[in-house]
Amino acid sequence: MRLRNSLTGNKEVFFAEDNHVSVYVCGVTPYDITHLGHAFTYTHFDVLVRYLRYLGYRVTYVQNLTDVDDDILRKAKEFGKNWRLLGEKNADRFLEDMKWLGNLQPDIYPRATDVIPDIINLAQNLLTKGWAYEKNGNVYFKVYSYTPFGRLSKLPEDQWLIVANERGNHPQDPNKQNPIDFVLWQSAREGEPSWPSPWGMGRPGWHIECSVMSMKFLGSPVDIKGGGADLIFPHHECSLAQSECATGEPLARYWVHTGMVRYKGEKMSKSLGNMVFVKDLKELGPNATRLCLLNHHYGRTWLFDEDEKKKATEQAGLFQEVWRRQSGHGSRLAPEPYEKRLQDALADDLDTPATLRIMQDLSTDILRDDSRNVADAKGLLNLVCTILGLEIRYGG
Ligand SMILES: [Zn+2]
């Protein structure tokens, strides 16, 4: 298959040694309920994993849970709740939503707080090698010491601070040598959880958590690393920099990013009040919801609206009708031409919209004439449904 690699910007032929593929997808910070953007990202990575397995690869899929970071601690404080209980409750709801959507559970589902000693080791490694510095119990990565910084996002240097500040950077931190330096370890603050370290009590920074979990559970380099496109900078740029400086190895071979979901003409955001949650789509059922997501290529940003729901419901109905259709005893409907088109679509950077269009053509063809033998054609449709994670036979 060919897969678009964000690092090179090109569609590249995918290969993996030993027929094994390691996949690391940045998971949620469980401080809120699952929205459509989450559903889009994790459903497409689920399809990628299913497709790689269909191609014959053994896949190890890791998706982390960022169970300690600024967002979750802020939210816990706001509601006067224990951060760990709040995180566990939201993580359970997230897993329920993923299950409802038909997403397979990742093979390993680590939490940042499971790997604190490894995080300390990585920060120590970067300090020893001169890529990081310590000040008042905080450890920072020296961004300007790593000259290729910015090569994943291709973001111009004059944009680094602007974008980083929108996404959790604290430029005013007086302990930093440069406002763009990012925190590997931060000293304990009043009322926040903390762990012992060589620099005193504290907690990890966000970017280092993912580097450590990726390297600990999948080694270096991981074959495919991904997440939503809003993670490219600074999260993935920083993860790449610190991992490569620590190990001398690339963090990942292929970087894969999913597009954003827009609603009512804007990027979904809490401040605009235009969020769509998975729970809002329950009336559609899991198949139609999944079809809403897969009708858009994973890498493109798209606009969700009422027409999307209508289209997906009709598609689900069509596939179900095929499922109920008895095969006749007349001439055989040959699925081979459709099979070739479907294989090409999936192999072309996982083109799910094209795949679904071909499945619709095939369905219409199956339903055209009652007398034909459509057993093989139905078998093909069923196979592709399995790759896409659609449970048509059970309805919904
Ligand atoms: Zn991450």
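Residues numbered from 1 in each chain as written. Predicted model: local features only at pLDDT ≥ 70, side-chain atom pairs only at ≥ 80, totals over all residues. Heavy atoms only, no water.

S.K.: What's the story with unusual backbone geometry in this structure? I'm lost.
M.R.: Excluding glycine, residues mostly have negative phi values, and the peptide bonds linking residues are mostly trans. Cis geometry marks the peptide bond from Ser220 to Pro221, where omega comes out at -10 degrees. Structurally, Pro221 is set in the loop between α6 (206-218) and β9 (222-228). Of note in this structure, Lys154 is not a glycine but carries a positive phi near 60 degrees. By the element assignment, Lys154 lies in the loop between β6 (138-141) and α5 (157-166). Residues other than glycine seldom take positive phi values, yet Lys264 does so here, at roughly 55 degrees. By the element assignment, Lys264 lies in the loop between β11 (261-263) and β12 (266-267). A residue is classified by how much of its surface remains accessible, and Lys264, at 65% relative accessible area, is exposed. (Helix = DSSP H or I, 4+ residues; strand = E, 2+ residues; numbered from the N terminus. Buried < 20%, exposed > 50% of the residue type's maximum accessible area, 1.4 Å probe, protein only.)

S.K.: Just to check I follow, could you spell out the sheet that holds strand β7 (residues 182-187) for this structure?
M.R.: Strand pairing in a sheet relies on backbone hydrogen bonds, with the paired strands running either antiparallel or parallel. Taken in spatial order, the 4 strands line up as β5-β6-β7-β8 in an open sheet, and their pairing is antiparallel. The sheet terminates laterally at β5 (132-135) and β8 (202-204), the two strands that pair on one side only. Adjacent strand axes in the sheet meet at a mean angle of 20 degrees, parallel and antiparallel pairs treated alike. Of the pairings in the sheet, the one linking β6 to β7 comprises 3 bridges and is antiparallel in character. Along β7, the bridge assignment pairs Tyr140 with Val183. With respect to the sheet, helix α4 (residues 116-128) is in contact with β5, β6, β7 and β8, its orientation differing from that of β7 by roughly 120 degrees. (Pairing = 2+ DSSP bridges. Axes fitted to C-alpha atoms, helices over the stretch in contact; angles between N-to-C directions. Contact = heavy atoms within 4.5 Å.)

S.K.: What should I look at first to understand the coordination of the zinc ion in this one?
M.R.: The reference angle at a metal is 109.5 degrees if four donors form a tetrahedron and 90 or 180 degrees if six donors form an octahedron. For the zinc ion, every protein donor is listed as Cys26 (SG), Cys210 (SG) and His235 (NE2), and the spread of their distances is 2.0 to 2.1 Å. Going along the chain, you hit the donors of the zinc ion in the pattern C-x183-C-x24-H. Of this pair, Cys210 sits in helix α6 while His235 sits in helix α7 (residues 232-247), placing them 25 residues apart in sequence. Just as Cys210 is buried, His235 falls in that class too. (Donors = N, O, S within 2.8 Å, 3.2 Å for Na, K, Ca; no water.)

S.K.: Where do I start with the domain arrangement of the chain in this structure?
M.R.: In many reports, interface size means the accessible area that the parts give up when they come together. As assigned here, the chain comprises domain 1 (15-263) and domain 2 (305-391). Between the C-alpha centres of domain 1 and domain 2 there is a distance of 38 Å. When the two sides are added together, the surface that domain 1 and domain 2 hide from each other amounts to roughly 900 Å², 65% of it contributed by carbon and sulfur. It is Val47, Tyr51 and Tyr54 that lose the most area in domain 1 upon contact with domain 2, and together they represent 59% of the buried surface on that side. Summed over the shared surface of domain 1 and domain 2, the number is 0 salt bridges. Of the residues in the side of domain 1 that touches domain 2, the class split is 4 nonpolar, 1 polar and 1 charged. (Domains from an automatic or database assignment. Buried area = accessible area lost by both parts, 1.4 Å probe. Salt bridge = Lys/Arg side-chain N within 4 Å of Asp/Glu carboxyl O. Nonpolar A, V, L, I, M, F, W, Y, C, P; charged D, E, K, R; others polar.)

S.K.: Please clarify how the pairing of strand β2 (residues 10-13) should be interpreted in this entry.
M.R.: Two faces belong to every sheet, and in a regular strand the side chains alternate between them. As defined by bridge partners, strand β1 (residues 2-5) adjoins β2 across 4 bridges and the pair is classed as antiparallel. Opposite Asn5, over in β2, you have Asn10 as the bridge partner. If you look at the hairpin formed by β1 and β2, you'll find 4 residues sitting between the two strands, and Gly9 has a positive phi there, around 80 degrees.

S.K.: For this particular structure, what's the right way to read the pattern of salt bridges?
M.R.: Once the charged atoms of two side chains with opposite charge are near each other, the side chains can pair. Within this structure, the stated rule accounts for 27 salt bridges. Glu306 is paired through a salt bridge with Lys309; the nearest N and O atoms lie 3.5 Å apart. Separated by 3 residues within a single helix, Glu306 and Lys309 lie in helix α9 (residues 306-324), roughly one turn from each other. Its salt-bridge partner being Arg325, residue Asp370 comes within 2.9 Å of it at the nearest N-O pair. In this pair, Asp370 sits in the loop between α11 (352-368) and α12 (375-388) while Arg325 sits in the loop between α9 and α10 (336-347), placing the two residues 45 residues apart along the sequence. Residue classification places Asp370 among the exposed residues on the basis of a relative accessible area of 57%. Residue Arg325 is classed as buried on the basis of its relative accessible area, which comes to 18%. Three or more residues are tied together by salt bridges with common partners; here these are Asp70, Arg189, Glu192 and Arg203.

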